[in-house]
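A look at the structure
The lines below spell out each chain.
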Amino acid sequence: MSNIHKLGWHRRFAMYLVDHLRQLFASLGELWRTPLSSLMTIAVLGVSLALPASFYVLLKNAESVSSFWQSQAQISLYLKQNTDEVQIKEFKTRLEGMNEIRQVTFISPEQGLADFSGAAGFAEALDLLEQNPLPAVLILNLSESGRQPDMAELLLADMNAEPLVDTARLDMAWLARLSGIVELLRQAVVGMAVLLLAGVLLVVSNTLRLNILSCRYEIEVMKLVGATDGFIHRPFLYVGLWYGIIGGLLAWWLTLVMVFWLSHKVSALASLYQSDFELLGLGLNESFWLVLTGTLLSLLASGFSVRRHIRAIEPA
C-alpha cells in the first residue's frame, strides 16, 4: 500500500513538473506571436541593463588604474648632508619594520649624481663640481594601509619629524584627487543603476499589464470554469521570466561588444604612456549576476503586475 502511495506521489510530482515545463515553453511561443512588441520590450530591457553594466565596467577599470597608481605611491626622504652610513642603515632597518611601509630603497649620493648626470645630459658640467651636492635618499614604497590618504599624511608628518631627515616629500594632492574621483564614480554608478533598474521594473510591469488586458475575456472564462489563480498567473509569469532572461543576455552581449570596441583604442592610448594596460570586461561571475539580476527584476515586476491586474478582472 505504501509503495502505491509513493508511486502516486511521484506521478503527481512528475505531472506537476511536466505541466510547468509545458507552460514555460508555451509562454516562449507567446513572444513569437507578437514579435515586434516582444522585441521592443526585450531591447528596452537589454539597453536598461547594459547601461549600468557598462558603468560598472568603467568603475572596475577606474579602480584597477587607481590601485596601480596608488601602488606606486612613494615618500622620498632627503637625508641631511654628511649623515653617517651606520645611522642610515639603522634608520632603514627601523623603517622596514613599519606596517605602513612595504619596501625601502636607499639611493646614495654617488648613485643619485650618476643617475642625474645620465638623465640630464650635464655630465661635463657636473664633473666640474668639487663635491657632490646631492644628499642620500630613502624611497619608501607604501603598503596598502599606508596608501590611504589620511595614513599617508600622518606618516609624512612623522618622517619630517625624524632627526636624520632634512625633507620628506609626497604628492598628497593626486592621491586625494584619485580617491575622490573613484568614490564619485562609484556613487554615480550606484545611482544610475538604481534608476535604470527601476526602469526595468516599470517596463516589464506595463508590458504584462497590456498582455493581461488583451486576454481579459479568456481570463474571465477561466475564472468562470473554476481555474485557480496560480493556473491563470503562471503563463504571464513565465513570459516575464523570458523577458528577463533574454533581456539579460542581450545586455551581456551589448556590454561585451562595447568592451571589444573600446579595447583597441584604450590599448593604443596606453601605449602612448608606455603602459600595457588592457581594458577589463565582465567576468564569468559578473555576467551570471547580470543575467540573474535581469531575471529576478523581471519576475518581481511580473508578479506584482499579474496579481494586481488579474485580481481586478472578474466575470460580469
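A quick note: this is a predicted structure, and the numbers were derived from the prediction, not measured.

1. Topic: the overall build of the protein
The helix and strand inventory of the protein stands at ten helices and four strands. Secondary structure elements of the protein, listed N to C terminal, follow the sequence α-α-β-α-β-α-α-β-α-β-α-α-α-α. A total of 316 residues make up the protein; the buried ones form 34% of that total. For the protein, the exposed area adds up to about 19900 Å²; of that, 65% sits on carbon and sulfur atoms.

2. So, the packing of aromatic side chains
Counting across every chain of the model gives one aromatic pair. Taking the centre distance of 5.8 Å and the plane angle of 70 degrees together, the rings of Phe288 and Trp289 count as edge-to-face.

3. Side note on a nonpolar patch on the surface
Together, Val47, Leu51, Phe55, Leu58 and Met192 make up a nonpolar patch on the protein surface, roughly 390 Å² of accessible area in all. Examining the composition of the nonpolar patch, we find that four residues originate from one element, helix α2 (residues 35–71), more than from any other. With respect to the element layout, Phe55 can be found in helix α2. For Phe55, a relative accessible area of 30% corresponds to the partly exposed category.

4. As for the confidence of the model for the protein
Looking at the protein as a whole, the pLDDT averages 75, with 73% of positions reaching at least 70. In the model, residues 1–7 has pLDDT below 50 throughout and makes zero contacts with residues more than four positions away in sequence or in other chains.

5. Re the sheet that holds strand β2 (residues 101–107)
Taken in spatial order, the four strands of this open sheet run β2-β3-β1-β4, and their pairing is antiparallel. With partners counted over all chains shown, the strands left at the sheet margins are β2 and β4 (165–169), one partner each. The average undirected angle you get between the axes of adjacent strands in this sheet is 20 degrees. Here strand β1 (residues 74–79) pairs with strand β3 (residues 137–142) via five bridges, running antiparallel. Each bridged residue has a counterpart across the sheet, and for Leu77 the counterpart in β3 is Leu138. Those strands touched by helix α3 (residues 85–96) are β1, β2, β3 and β4, and its axis lies near 160 degrees from that of β2. Where helix α6 (residues 149–160) meets the sheet, it contacts β1, β2, β3 and β4, and its direction lies at approximately 165 degrees from that of β4.

6. Quick notes on the pattern of salt bridges
The tally for this structure, following the rule as stated, stands at four salt bridges. For the salt bridge of Glu162 with Arg94, the shortest nitrogen-to-oxygen distance reads 3.0 Å. Of this pair, Glu162 sits in the loop between α6 and β4 while Arg94 sits in helix α3, and the two are 68 residues apart along the sequence. Residues Arg186 and Glu183 are paired through a salt bridge, measuring 2.6 Å at the closest nitrogen-oxygen approach. Highlighted residues: Arg186 and Glu183, both in helix α7 (residues 172–214), separated by three residues, approximately one helical turn. For Arg186, a relative accessible area of 28% translates into the label partly exposed. Residue Glu183 is classed as partly exposed on the basis of its relative accessible area, which comes to 35%.

7. Points about α6
Helix length check: α6 (twelve residues) gives 17 Å between terminal C-alpha atoms against 16 Å at 1.5 Å per residue, within 8%. Buried within α6 are the following residues: Ala152, Leu155, Leu156 and Met159. Summarising the axial view, the buried residues of α6 lie within an arc of 105 degrees, below the 170-degree limit, and thus occupy one face. Exposed residues pointing more than 90 degrees away from the buried face of α6 are listed as Asp150 and Glu153.

8. Observations regarding the side chain of Ser54
Looking at where Ser54 falls in the secondary structure, it is placed in helix α2. Classification of Ser54 by relative accessible area gives buried; the value is 17%. The residues contacting Ser54, other than those within four sequence positions of it, are Thr255 and Met258.

9. Quick word on the nonpolar core
Nonpolar side chains in soluble globular proteins generally cluster together in the buried interior. The biggest cluster of nonpolar side chains holds 20 residues, and the ones touching the most others in it are Ile75, Leu77, Leu79, Phe91, Leu95 and Leu140. Broken down by element, this core gets its largest block of residues, four residues, from α6. Those residues in contact with Phe91, other than ones at most four positions away along the chain, are Leu77, Leu79, Leu138, Glu162, Leu164 and Val165. Grouped together as the second largest cluster of nonpolar side chains are 16 residues, Leu31, Leu49, Leu290 and Ala301 included.

Calculation notes
- Residues numbered from 1 in each chain as written.
- Predicted model: local features only at pLDDT ≥ 70, side-chain atom pairs only at ≥ 80, totals over all residues.
- Heavy atoms only, no water.
- Helix = DSSP H or I, 4+ residues; strand = E, 2+ residues; numbered from the N terminus.
- Buried < 20%, exposed > 50% of the residue type's maximum accessible area, 1.4 Å probe, protein only.
- Areas by Shrake-Rupley, 256 points an atom, 1.4 Å probe, with all protein chains shown as cover.
- Phe/Tyr/Trp six-rings, centres within 6.5 Å; stacked < 30°, edge-to-face > 60°.
- Patch = residues over 30% accessible without salt bridge, like charges linked within 9 Å, V, L, I, M, F, W, Y side chains within 5 Å.
- Salt bridge = Lys/Arg side-chain N within 4 Å of Asp/Glu carboxyl O.
- pLDDT = per-residue confidence, 0-100.
- Contact = heavy atoms within 4.5 Å.
- Pairing = 2+ DSSP bridges.
- Axes fitted to C-alpha atoms, helices over the stretch in contact; angles between N-to-C directions.
- Expected span 1.5 Å × (residues − 1).
- Arc of directions from axis to C-beta.
- Core = buried A, V, L, I, M, F, W, Y, C linked by side-chain atoms within 4.5 Å.

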